[in-house]
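# Per-entry structural report
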Amino acid sequence: MTQQTTTKPAPTTDYTALISSLAKDARAAQMRLARMSDIEKAAALRSAAHALRAQKADILAANEKDMAAGRESGLTDALLDRLKLDEDRLEGIASAVEAVAGLPDPVGEVLSTDKRPNGLELSRVRVPVGVIGIIYESRPNVTIDAAVLCVRAGNAAILRGGSEAVHSNRALHAALAEGMAEKGVPEAAVQLMPTQEREAVGAMLKASGEIDMIVPRGGKGLVERVQNDARVPVLAHLDGICHTYIDASADPEMAREVAVNAKMRRTGICGAMETLLIDSDFANGEEVVSAILDAGCEVVGNEAAQALDSRISAAQASDWDTEYLEPKLSVAVVGGLDDALEHIARHSSGHTDVVISSDDKVTERFLNEVDSAIVMVNASSQFADGGEFGLGAEIGIATGRLHARGPVALEGLTTYKWQVRGTGQTRP
Ligand SMILES: NC(=O)C1=CN([C@@H]2O[C@H](COP(=O)(O)OP(=O)(O)OC[C@H]3O[C@@H](n4cnc5c(N)ncnc54)[C@H](OP(=O)(O)O)[C@@H]3O)[C@@H](O)[C@H]2O)C=CC1
Ligand SMILES: N[C@@H](CCC(=O)OP(=O)(O)O)C(=O)O
């Protein structure tokens, strides 16, 4: 039987006070969490996985409520697919919790040591970030992935999921909290925002000194809000305007297969290719765009790209900065690597960019000169994923320039402190 959801009621419209109260409870819980051992935290997560399985019926019923409301309000098939839970997906979520429980505890890892000539011994030791606020889209698995990664790394989490997933998130959170509480994790270690009012998101972003880090995971509307309101350090997990550049030396079959996969495997995820750049000296551009068109993708392009296939219509200036998240692609034929690098520098959102080439000089320059969180050679941008990178799970893909870039999992949720051991040294 599901326990009552552990979120606080939200009778207030004073969102600053609400966030302060959540953050104060989170801080106290985080301090207790910080004293829990690796074994205790892992046991709490296994207990949470058990509770998620035990409360399957309640969780799926809550999800069906969200799905029905989503269908009623005309959510697209892609959004409904992200929202949907079923037995297999729920089992996947519970297994991911167990996988995170089995990962080594990052807290306490000694990153470096040094001994100074005066005898001082220095070490840098990994510690939790503290209280982390996460704002994310209507994808219920993120509620659990984000919560368990935070807890495994000794952090408290305040979660603000997308409004379409509100019932699913409450049911998932209730199971998680119940499972973890059985093994001594304080309830406030993971709190769900008790209101969907967007003003409360603004208050979260302004809670400097109370929340240590915010992870915003979403698209344009969220970006704007973050840019206007953020006073708390932000680890941005934002849109993916991902490019693939096909160099003259690319293997034609590889170029075709990778490009089709990068665009069409799942068009709605942030790692999907949105712009294809083709070197004017690549001889098989027509085949590549034809395969993408035949797979059901609409294609717009610059003048030279339009000459490759009559089905390609003219791109507008805004297309080069558009994340379609649907079967639509912009294609530009460019005058070589320098042009491609220039286009990517101007239009990439810093998520994932790819080169297809068999020329080492080209691939090395691309790897070194493209300044995105993930840079790939001869592989699909759809590999941008914590699970695919062997991290167990992910909060998402960090698109900014801070210490944690690309898929963020346990390490990205920690910082470090210097520990200094002396024998009575004084500074001259
Ligand atoms: N880098 C990454 O790891 C990932 C990035 N994404 C990106 O997310 C986008 C798709 O997500 P989408 O479904 O559009 O999600 P949105 O960006 O619309 O929403 C994400 C979250 O932000 C909130 N939000 C949005 N706008 C505002 C605002 N103005 N003020 C306060 N809160 C706001 C939403 O709340 P509300 O419920 O009120 O809408 C929701 O909780 C794509 O751009 C995709 O690339 C997606 C997954 C991973
Ligand atoms: N990085 C993961 C998640 C991508 C993701 O969350 O996308 P979305 O469906 O937009 O929320 C993946 O590649 O499956």
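Please read these numbers as outputs of a predicted model, since none were measured by experiment.

About the criteria used
- Residues numbered from 1 in each chain as written.
- Chains lettered and ligands numbered in written order.
- Predicted model: local features only at pLDDT ≥ 70, side-chain atom pairs only at ≥ 80, totals over all residues.
- Heavy atoms only, no water.
- Helix = DSSP H or I, 4+ residues; strand = E, 2+ residues; numbered from the N terminus.
- Contact = heavy atoms within 4.5 Å.
- Patch = residues over 30% accessible without salt bridge, like charges linked within 9 Å, V, L, I, M, F, W, Y side chains within 5 Å.
- Areas by Shrake-Rupley, 256 points an atom, 1.4 Å probe, with all protein chains shown as cover.
- Salt bridge = Lys/Arg side-chain N within 4 Å of Asp/Glu carboxyl O.
- Buried < 20%, exposed > 50% of the residue type's maximum accessible area, 1.4 Å probe, protein only.
- Core = buried A, V, L, I, M, F, W, Y, C linked by side-chain atoms within 4.5 Å.
- UniProt positions renumbered as here; feature names shortened; annotations may be inferred.
- Expected span 1.5 Å × (residues − 1).
- Near = heavy atom within 4 Å.
- Polar contact = N/O pair within 3.5 Å; in protein donor to acceptor, adjacent residues only side chain to side chain.
- Nonpolar A, V, L, I, M, F, W, Y, C, P; charged D, E, K, R; others polar.

### Describing the environment of Leu103
Structurally, the position occupied by Leu103 is in the loop between helix H5 (87–101) and strand E1 (110–115). Taking the C-alpha atoms as reference points, Leu103 and Asp38, 65 residues apart in sequence, are found 9.9 Å from one another. Residue contacts for Leu103: discarding those within four places in its chain leaves Arg152, Leu391, Gly392 and Leu410.

### Digging into a nonpolar patch on the surface
Among the surface-exposed residues, Tyr416, Trp418 and Val420 lie close enough to one another that they form a single nonpolar patch of about 340 Å² accessible area. Position of Tyr416 relative to the elements: it lies in strand E16 (residues 414–421). Take Tyr416: its relative accessible area is 40%, and that puts it in the partly exposed class.

### Re the nonpolar core
Ranked by internal contacts, the top residues of the largest apolar core, which has 55 residues, are Leu52, Ile134, Leu159, Met180 and Leu413. The residues touching Leu159, leaving out its near neighbours within four places in the chain, are Ile134, Tyr136, Thr143, Ala146, Ala147, Val190, Gln191, Leu192 and Met193. Ranked by size, the runner-up nonpolar core spans 28 residues in total, among them Ile246, Leu276, Leu329 and Ala384.

### Things to note about the UniProt feature "domain: Aldehyde dehydrogenase" (unreviewed entry) in the protein
Here, UniProt's "domain: Aldehyde dehydrogenase" (unreviewed entry) annotation points to residues 19–292. Regarding residues 19–292, the helix share stands at 51% and the strand share at 16%, and the terminal C-alpha atoms are separated by 47 Å.

### Focus on helix H6 (residues 140–152)
Here H6 is 13 residues long and its end C-alpha atoms lie 19 Å apart, about the 18 Å a rise of 1.5 Å per residue gives. Buried residues dominate H6, accounting for 12 of its 13 residues. Listed as buried for H6 are Pro140, Val142, Thr143, Ile144, Asp145, Ala146, Ala147, Val148, Leu149, Cys150, Val151 and Arg152. Trailing H6 by a residue or two, Gly154 shows a phi angle of about 80°, which is positive.

### Description of the site of ligand 1
Not every one of the 26 residues close to ligand 1 is listed here, only the nearest: Arg160, Ser163, Gly219, Glu323 and Ile397. Between ligand 1 and the protein, one listed contact pairs a nitrogen atom with a backbone N or O atom of Gly221 at 3.4 Å. Taking His237, its main chain carries an N or O atom lying 3.5 Å from a nitrogen atom of ligand 1. When ligand 1 is considered free in solution it has 900 Å² of accessible area, and contact with the protein chains removes 85% of it. For the shell around ligand 1, the secondary-structure elements that each account for two or more residues are helix H8 (198–206), helix H9 (220–229) and strand E14 (396–398). Among the elements that take part in the shell around ligand 1, H9 stands out by supplying 3 residues, more than any other. The residue makeup of the shell around ligand 1, split by class, is 8 nonpolar, 10 polar and 8 charged.

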